[in-house]
Amino acid sequence: TLHICGDTTSLMPDIAFIKPSIFSFDQKIKPKTAKELLGKYCCLMGNIDPTLLLTGSKEEIEQAVATCILEAAVNGGFILAPGCGIATKTPPQNLQAMINSARTMGIYPIKTS
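Because the structure is a prediction, the values reported are computed rather than measured. (Residues numbered from 1 in each chain as written. Predicted model: local features only at pLDDT ≥ 70, side-chain atom pairs only at ≥ 80, totals over all residues. Heavy atoms only, no water.)

What follows covers the overall build of the chain. Scanning the chain from terminus to terminus reveals five helices and four strands. Listing every helix and strand of the chain by position from the N terminus yields β-α-β-α-β-α-α-β-α. Against the 2.2 N^0.38 benchmark of 13 Å for 113 residues, the chain shows a C-alpha radius of gyration of 14 Å, consistent with a compact globule. For the C-alpha atoms alone, the extent of the chain along its principal axes is close to 40 × 35 × 20 Å. A separation of at least 24 residues holds for 52% of the contacts in the chain among residues at least 6 apart in sequence. (Helix = DSSP H or I, 4+ residues; strand = E, 2+ residues; numbered from the N terminus. Rg over C-alpha atoms; globule rule 2.2 N^0.38 Å. Contact = heavy atoms within 4.5 Å.)

This paragraph deals with unusual backbone geometry. Of note, the bond from Gly46 into Asn47 is cis; its omega dihedral lies within 30 degrees of zero at -25°. Here Lys19, not a glycine, exhibits a phi torsion of approximately 50°, which is positive. Within the element layout of this structure, Lys19 appears in the loop between helix 1 (12–18) and strand 2 (22–25). Judged by relative accessible area, which is 55%, Lys19 ranks as exposed. Phi angles above zero are rare outside glycine, and Asn75 is one such case at about 65°. Mapped onto the elements of the fold, Asn75 is located in the loop between helix 4 (58–72) and strand 4 (78–82). Residue Asn75 is classed as partly exposed on the basis of its relative accessible area of 48%. (Buried < 20%, exposed > 50% of the residue type's maximum accessible area, 1.4 Å probe, protein only.)

With that out of the way, let us pick up the nonpolar core. By size, the foremost hydrophobic cluster in this structure holds 24 residues, and its most contacted members are Phe23, Phe25, Leu38, Leu44, Ile61 and Phe78. When contributions to this core are tallied by element, the ones reaching two or more residues are helix 1, strand 2, helix 2 (31–38), strand 3 (43–48), helix 3 (50–55), helix 4 and helix 5 (92–106). The element best represented in this core is helix 4, accounting for six residues. Setting aside residues up to four positions removed in sequence, Ile61 forms contacts with Leu52, Leu53, Gly56, Asn94, Ala97 and Met98. (Core = buried A, V, L, I, M, F, W, Y, C linked by side-chain atoms within 4.5 Å.)

See the structure below:
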């Protein structure tokens, strides 16, 4: 797994060249952009904002999860995860909201063909 903090859009050709098994991208990159530039080279992992997990509402977290899955999970090759480290004071119910949202979205296979 390769994780690089920040907006790594300009590095994506290099990341594609080294072909990590998994590229963990942070919240500064749109999931759709990551999928378009790297989705055929490696599995993507990310990118729920850790600050959102720390301070966001259940509804905001659900929306972020939906966006991530709808943009990056098309045709597989995606692992939902925080975009970086989780703050120690993150409320457990916010992490549970992320997990529950992913489970709900997982009921519906996301395929383009």
